[in-house]
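Okay, here's what each chain looks like letter by letter:
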Amino acid sequence: MKIRRFETINVVPFIDIMLVLLVIVLTTATFVAKGIIPVDLAQASSAKPLNEQKELIVTITQEEKFFFNDKVVEEGSLERELLEFNEQTPIMINCDKHASFEPFVKLMDLLKQHHYTQIGILTKQ
């Protein structure tokens, strides 16, 4: 009886295990990203309702037109439309890089006059 040398490794079981782990990771990652993992929350007697604030996205186009979310706002009614939102509303400013600086300054001045504090500027990375 002759003893054979062990020259190769059987990688099929290793590949099977790795594919199962990959499926598990991808499945849980999509649940976490969407926030749809079902959770049964504990109850508390002092709980307050969650104050969901929608953010306001103000867009300034190259033609210097203002948009609040997807709604066109005329420059004359800019202040009136802005005052419909609470001072604590998160405001994101999305300004075209070819627009002049004046509409941006005007918007920032209005935000400062009415004490809006949660302001962000959207940029491209």
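Our subject is the structure listed above.
Residues numbered from 1 in each chain as written. Predicted model: local features only at pLDDT ≥ 70, side-chain atom pairs only at ≥ 80, totals over all residues. Heavy atoms only, no water.

### Overview of the pairing of strand β1 (residues 56–60)
Side-chain positions along a regular strand alternate between the two faces of the sheet.
And step 1. Counting buried positions along β1 yields four of five residues, so the element is predominantly enclosed.
And step 2. Relative to strand β2 (residues 66–68), β1 is paired through three bridges, and the arrangement is antiparallel. Within β2, the residue paired with Thr59 across the bridge is Phe67.
And step 3. Counted along the chain from β1 to the antiparallel partner β2, the turn is five residues long, and its residue Glu64 has a positive phi close to 65°. (Buried < 20%, exposed > 50% of the residue type's maximum accessible area, 1.4 Å probe, protein only. Helix = DSSP H or I, 4+ residues; strand = E, 2+ residues; numbered from the N terminus. Pairing = 2+ DSSP bridges.)

### Description of the sheet that holds strand β3 (residues 71–73)
And step 1. One open sheet accounts for five strands, arranged β3-β2-β1-β4-β5; its pairing is mixed. Either end of the sheet is taken by a strand with one partner, and the two such strands are β3 and β5 (119–121). Taken pair by pair, the neighbouring strands of this sheet meet at an average axis angle of 25°, ignoring direction.
And step 2. For β2 and β3, the ladder comprises three bridges, and the chain directions are antiparallel. Bridging across to β3, Phe67 finds its partner in Val72.
And step 3. Against the sheet, helix α3 (residues 101–113) engages β1, β2, β4 (91–95) and β5, with an angle of about 170° to β4. (Axes fitted to C-alpha atoms, helices over the stretch in contact; angles between N-to-C directions. Contact = heavy atoms within 4.5 Å.)

### Brief notes about the nonpolar core
And step 1. Counting residues in each nonpolar core, the largest one holds 16 residues, and the members touching the most others are Val58, Phe66, Phe68, Leu82, Ile91, Leu107 and Leu111.
And step 2. Broken down by secondary-structure element, the contributors of at least two residues to this core are β1, β2, α2 (78–82), β4 and α3.
And step 3. With four residues, α3 is the single largest residue contributor to this core.
And step 4. When residues no more than four places from it in sequence are discounted, the contact partners of Leu107 are Val58, Ile60, Phe66 and Ile93. (Core = buried A, V, L, I, M, F, W, Y, C linked by side-chain atoms within 4.5 Å.)

### Considerations on the layout of surface pockets
Over the atoms a probe the size of a water molecule is rolled, and this reveals where empty space is left.
And step 1. As a volume, the largest pocket reaches approximately 190 Å³.
And step 2. Around the largest pocket sit Cys95, Asp96, Lys97, Ala99, Phe101, Phe104, Leu122, Thr123 and Lys124, which together line it.
And step 3. For the lining of the largest pocket, the class distribution of residues is five nonpolar, one polar and three charged. (1 Å grid on protein atoms, 1.4 Å probe; cavity = no way out; pocket = protein on both sides within 12 Å on 5 of 7 lines; lining within 4 Å. Points joined across faces, edges and corners; volume = space filled by probe spheres on them. Nonpolar A, V, L, I, M, F, W, Y, C, P; charged D, E, K, R; others polar.)

Shape is all these values report; function is a separate question.
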